[in-house]
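Structural description and commentary
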Amino acid sequence: MLVRNFSIIAHVDHGKSTLADRILEKLGAMGERDKRDQTLDTLELERERGITIKSTPVRLTYHRPLREDGTGGEVYTFNLIDTPGHVDFNYEVSRSLAACEGVLLLVDASQGVEAQTIVNAYLAIDNNLEIVPVVNKIDLPAADPQGAAQELEDVIGIPAEDAVFASGKTGEGVEQILEAIVERIPPPPGDPQAPLKALIFDSFYDAYQGVILFVRVLEGTVRAKDRMMTYSNGKSFEVDKVGTFTPGLIVAEELSAGSVGWIAAGIKDIHDAQVGDTITSKDQPTTDPFPGFKPAQPVVFSGLYPTDTEDYRKLREALERLKLNDAAFVFEPETSEALGFGFRCGFLGLLHAEIIQERLEREYDLDLIATAPAVVYRLTLTNGETFETQNPAEFPTRDRIETMEEPYIKLSIMLPEEFVGPVMQLLQERRGAMITMNYVGKRVELLYEVPFAEILYDFHDRLKSISRGYASMDYEQIGYREGDLVKVDIMVQGETVDALAVIVHRDKAYSLGRKIVDKMAEVIPRQLFPVPVQATIGGKIIARATVKAYRKDVLAKCYGGDISRKKKLLEKQKKGRARMKNIGTVEVPQEAFLAVLSTD
Ligand code: GDP
Ligand code: MG
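Residues numbered from 1 in each chain as written. Chains lettered and ligands numbered in written order. Predicted model: local features only at pLDDT ≥ 70, side-chain atom pairs only at ≥ 80, totals over all residues. Heavy atoms only, no water.

A closer look at the pattern of salt bridges
- The final tally for this structure, using the stated rule, is 28 salt bridges.
- The salt bridge partner of Glu522 is Lys519, with a shortest N-O separation of 3.8 Å. Taken together, the residues Glu522 and Lys519, both in helix α13 (residues 506-523) and 3 residues apart, mark about one turn of the helix.
- The exposure class of Glu522 is exposed, given its relative accessible area of 54%. (Salt bridge = Lys/Arg side-chain N within 4 Å of Asp/Glu carboxyl O. Helix = DSSP H or I, 4+ residues; strand = E, 2+ residues; numbered from the N terminus. Buried < 20%, exposed > 50% of the residue type's maximum accessible area, 1.4 Å probe, protein only.)

Written as structure tokens, this is what we have:
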């Protein structure tokens with residue numbers, strides 16, 4: 001069988017999904033994909049946000065056209081493996097790529113190379129993949145196809161003359177792309193007789209069959225009834241069924257070296273067989289597992305509390321359900337004086353956190369209060385112990401701490417030259433240190449080391465606004481560096497509210513304290529009496545603001561005429577109330593808990 005395994009990678013919005021649909025249509029799989037969209041559990045959120053959260057492989061058949069010289073006419077099996085398009089899921093991207101021999105690297109002909117183009121291209125290079133550069137959207141009036149191809153050469157070193165020019169909108173160039181896949185991407189290697197070695201690149205939980213593993217078989221063959229073993233933990237399972245994606249799940253007799261498919265083995269816990277791990281045979285294990293397996297680690301934590309304490313059990317059940325399908329998501333019970341019973345949850349990044357929260361609210365009909373996201377800090381205590389914490393409530397007092405470290409990232413930003421000044425200033429405000437700066441025609445690539453916590457709060461929005469939307473960014477974690485951290489407590493009406501505390505670098509503590517109390521004074525509804533809000537460090541007040549007393553004439557104005565306006569106001573209040581928590585006699589809305597994230 002003639003096989004090609006490939007993926008499409010691109011900066012967000014450069015046309016990956018559109019081109020994939022065009023390829024599917026051309027190879028006659030469109031009807032089936034539509035069917036699948038209705039039958040399989042594709043996430044509604046994914047479509048709305050236009051991002052790929054879960055990778056979905058598709059198996060296609062390409063009948064190579066017969067040429068005049070008598071060549072061609074062969075039938076190829078293409079496995080197109082989709083990848084998530086967001087940095088939160090970069091580990092999964094890199095595993096999906098490891099299941100391929102090549103990629104189509106798309107660049108929008110009107111935008112050129114962007115930050116994620118570069119990061120994705122390097123992921124492909126690191127996985128030794130053949131890169132087919134595709135300059136896409138050539139139908140756009142603002143397209144500069146030659147310029148985009150030249151940028152690929154200048155920035156990444158891919159020869160400009162290798163570029164295929166295409167449009168996912170008009171379908172132009174799609175035939176050349178299919179030919180390039182056959183000619184340039186190598187066939188999968190591997191020996192079907194060797195001991196089994198298969199890479200897990202995705203999975204999902206099915207209520208009847210247990211965990212369904214998406215695998216790329218690198219060596220050997222796997223069939224129903226085989227005893228398989230997950231390499232990292234030595235757990236063994238009997239294979240129930242194997243199959244391929246067409247694109248629904250179709251049962252097959254076997255999967256052998258080179259193929260992409262799925263395995264069901266009655267695995268009940270997704271943590272037993274995680275993305276990146278190697279599957280081998282229990283009786284004849286491989287000696288050469290797929291390298292570099294590490295279970296995905298959550299890096300951002302936040303507390304989730306039901307606004308209605310009655311919903312605690314419902315929230316726990318919902319979290320358990322979500323965890324079944326998401327090995328990277330963790331949670332444990334936590335109690336807050338202010339918010340009552342809730343859960344401390346860990347995520348791969350802010351987008352992952354938002355997705356989980358939205359799903360809880362939408363699919364499980366829960367109203368939640370989320371506390372400010374925090375990264376994981378590493379402390380050495382005066383008694384010699386090391387201590388990792390992401391929870392401000394657990395942060396020890398200064399006298400117990402010997403050294404403090406915080407996580408750093410390597411941030412890469414692409415932007416037009418004219419915005420370099422203001423963006424460098426923003427990075428300096430965020431405690432960034434420049435690594436390099438490269439010119440690419442009239443654009444610049446900036447590489448910085450920045451504390452991760454500094455980009456959690458509103459960084460992307462600020463970057464976009466000061467570059468009028470032109471700058472793009474991507475990042476990777478690079479480990480820990482020392483930092484002088486403090487805990488800022490927030491008091492409402494003289495009482496410390498534990499769930500509002502944040503950990504922050506000392507240089508930022510005063511401005512952040514100011515920002516939080518100002519924002520809170522703005523969003524806490526007025527009472528009959530003035531409510532003081534204060535920020536403190538170690539009991540010392542660093543900022544204060546007051547929620548002014550309620551003035552009756554403010555609402556009275558509405559009662560005069562406009563009825564629909566009054567109705568709207570009441571509706572708004574009703575909605576708002578669901579997302580409030582009483583702290584003492586004061587109602588504190590969700591916004592106050594996320595005051596630290598506000599951009600103004
Ligand atoms: P993705 O984020 O890379 O998956 O990008 P999408 O496929 O969702 O496309 C992003 C936007 O660009 C959408 O509004 C598409 O309609 C548009 N688009 C995609 N391909 C083309 C193309 O070849 N030509 C034009 N003019 N627009 C395109
Ligand atoms: Mg897309």
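Some words on the site of ligand 1
- Around ligand 1 sit 14 residues, and of these Asp13, Lys16, Ser17, Thr18 and Asp139 come closest.
- In this structure, Asp139 approaches ligand 1 through a side-chain N or O atom, which is 2.7 Å from a nitrogen atom. (Near = heavy atom within 4 Å. Polar contact = N/O pair within 3.5 Å; in protein donor to acceptor, adjacent residues only side chain to side chain.)

Re the pairing of strand β15 (residues 260-264)
- Most of β15 is tucked away, with 5 of its 5 residues classed as buried.
- Burial along β15 is two-sided: Val260, Trp262 and Ala264 facing one way and Gly261 and Ile263 facing the other are all buried.
- Here strand β8 (residues 210-219) pairs with β15 via 5 bridges, running antiparallel. Residue pairing in the sheet places Ile212 in a bridge with Ala264 of β15.
- Relative to β15, strand β12 (residues 241-245) is paired through 3 bridges, and the arrangement is antiparallel. For Val242, the partnering residue across the bridge sits in β15 and is Ile263. (Pairing = 2+ DSSP bridges.)

Some thoughts on the domain arrangement of the protein
- Split into domains, the protein comes out as domain 1 (3-184), domain 2 (197-281), domain 3 (300-371), domain 4 (377-483) and domain 5 (487-597).
- Between domain 1 and domain 4 lies a buried interface of about 970 Å² when both sides are counted; carbon and sulfur atoms form 53% of it.
- At the boundary of domain 1 with domain 4, the tally comes to 2 salt bridges.
- A salt bridge links Glu151 to Arg443; its shortest N-O distance comes to 2.6 Å.
- At the boundary of domain 1 and domain 4, one finds 4 residue pairs in polar contact (both at pLDDT 80 or more). (Domains from an automatic or database assignment. Buried area = accessible area lost by both parts, 1.4 Å probe.)

A closer look at the confidence of the model for the protein
- Within the protein, residue pLDDT values average 86, and 89% of them lie at 70 or more.
- Counted against residues more than four places away or in other chains, residues 32-43, with its pLDDT under 50, gives 13 contacts.
- Note that pLDDT drops below 50 for residues 556-561; the model gives that stretch 4 contacts with residues more than four away or on any other chain.
- Of the two predicted TM-score estimates for the complex, the pTM is 0.79 and the ipTM is 0.99. (pLDDT = per-residue confidence, 0-100. Contact = heavy atoms within 4.5 Å.)

Overview of the UniProt feature "binding site: GTP" (unreviewed entry) in the protein
- Mapped onto the present numbering, the UniProt feature "binding site: GTP" (unreviewed entry) falls at Asp13, His14, Gly15, Lys16, Ser17, Thr18, Asn136, Lys137, Ile138 and Asp139.
- Inspection of the secondary structure assignment puts Thr18 in helix α1 (residues 16-26).
- Aside from chain neighbours lying at most four places away, what touches Thr18 is Gly168 and Lys169.
- Structurally, the position occupied by Asp139 is in the loop between β5 (130-136) and α6 (145-156).
- If near-sequence neighbours (up to four positions away) are discounted, Asp139 is found in contact with Ser167, Lys169 and Thr170. (UniProt positions renumbered as here; feature names shortened; annotations may be inferred.)

Examining empty space enclosed by the protein
- The full count for this structure, using the stated rule, is 4 cavities of 30 Å³ or more.
- In this structure, the largest cavity spans a volume of roughly 140 Å³.
- What lines the largest cavity is a set of 14 residues, among which Glu92, Val275, Asp326, Ala327 and Ala328 lie closest to the centre.
- Breaking the lining of the largest cavity down by element, the ones donating at least two residues are α4 (90-98) and β7 (197-206).
- Counted by class, the lining of the largest cavity contains 7 nonpolar, 3 polar and 4 charged residues. (1 Å grid on protein atoms, 1.4 Å probe; cavity = no way out; pocket = protein on both sides within 12 Å on 5 of 7 lines; lining within 4 Å. Points joined across faces, edges and corners; volume = space filled by probe spheres on them. Nonpolar A, V, L, I, M, F, W, Y, C, P; charged D, E, K, R; others polar.)

Re the packing of aromatic side chains
- Applying the stated criterion across every chain yields a total of 12 aromatic pairs.
- Measuring from ring centre to ring centre gives 6.2 Å for Phe201 and Phe214, while their planes differ by 65 degrees; the resulting arrangement is edge-to-face. In this pair, Phe201 sits in strand β7 while Phe214 sits in strand β8, placing the two residues 13 residues apart along the sequence. Note on accessibility: Phe201 and Phe214 belong to one class, buried.
- A centroid spacing of 5.7 Å and a plane angle of 25 degrees characterise the contact between Phe329 and Phe347, whose relative ring orientation is stacked. You can see Phe329 sitting in the loop between α8 (312-324) and β18 (330-336) and its partner Phe347 sitting in strand β19 (residues 340-347), a full 18 residues away along the chain. Side by side, Phe329 and Phe347 carry an identical accessibility label, which is buried.
- Through pairs of rings, three or more aromatic residues link up here, namely Tyr312, Phe329, Phe331, Phe341, Phe343 and Phe347. (Phe/Tyr/Trp six-rings, centres within 6.5 Å; stacked < 30°, edge-to-face > 60°.)

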